[in-house]
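# Structural overview for review
Residues per chain are reported as follows:
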Amino acid sequence: MGKGRIVRASWKPPPHGIAKINVDGSFISETHSGSTSFVIRDNSSSFLACGGQAYKGVVSAEHVEVLVCRQAIVFAIANNFQPVIIETDAQVVYLQLINHHQANPFVLGRLYDDIGSMIQDSGSVRIMHTKRSTNRVAHLMACRTL
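In short, a report on the structure. (Residues numbered from 1 in each chain as written. Predicted model: local features only at pLDDT ≥ 70, side-chain atom pairs only at ≥ 80, totals over all residues. Heavy atoms only, no water.)

## What about the sheet that holds strand S2 (residues 33–41)?
One open sheet accounts for five strands, arranged S3-S2-S1-S4-S5; its pairing is mixed. Taken across any chain shown, the strands that pair with only one partner, and hence form the sheet edges, are strand S3 (47–56) and strand S5 (125–129). The sheet shows a mean angle of 20° between the axes of neighbouring strands, direction not considered. With five bridges connecting them, strand S4 (residues 84–88) and S5 associate as parallel partners. By the bridge assignment for S5, Ile85 is matched with Arg126. The strands touched by helix H1 (residues 61–78) are strand S1 (19–28), S2, S3, S4 and S5; relative to S1, the strand with the most contacts, the crossing angle is about 150°. (Pairing = 2+ DSSP bridges. Helix = DSSP H or I, 4+ residues; strand = E, 2+ residues; numbered from the N terminus. Axes fitted to C-alpha atoms, helices over the stretch in contact; angles between N-to-C directions. Contact = heavy atoms within 4.5 Å.)

Okay, here's the thing in structure tokens:
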């Protein structure tokens, strides 16, 4: 690689037969409001579905990111998008979900517990972390929902 060359990360499709859901949330601390969005695509990068929601009374950006993960998993299971990869750019949410082995005593613990149970029960949901630059479509949708 040459000096000064910028390599940009780009979205990568999932393996054949697996759907990928990119999720993102947006949060405004002054109003305790937020919004979520998710985009589902297949291995040929074809758009399959999307969703999102506006929220009032959320406490943090993490709260919104956890809500969108739950929303995407519920949608995927209800609409038979399985097996599925959920990609989030929220590292704290990703780490909480992949290390979910016991009840979470923190403020958002019940949400993490709920998601952990859904992942375990489905057996076909995998959580992955991605860079924000590869999550651009979900990010832009979440910002526009506010």
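## Describing the packing of aromatic side chains
Across all of its chains, the model carries two aromatic pairs by this definition. Their ring planes at 55° and their centres at 5.1 Å tell us that Phe38 and Phe75 sit as a pair that is tilted. With Phe38 in strand S2 and Phe75 in helix H1, the pair connects residues that are 37 residues apart, well separated along the chain. With centroids separated by 6.2 Å and ring planes inclined at 15°, the aromatic side chains of Phe75 and Phe81 adopt a geometry described as stacked. Residue classification places Phe75 among the partly exposed residues on the basis of a relative accessible area of 24%. Look at Phe81 and you get buried, because its relative accessible area is 18%. One aromatic cluster is present, built from ring pairs that chain together Phe38, Phe75 and Phe81. Sitting over the ring of Trp11, Lys20 keeps its end group 5.2 Å from the ring centre. Against the face of Trp11 rests Arg41, its NZ or CZ located 4.0 Å from the ring centre. (Phe/Tyr/Trp six-rings, centres within 6.5 Å; stacked < 30°, edge-to-face > 60°. Buried < 20%, exposed > 50% of the residue type's maximum accessible area, 1.4 Å probe, protein only. Lys NZ or Arg CZ within 6 Å of the ring centre and 35° of its normal.)

Structural measurements only, silent on function.
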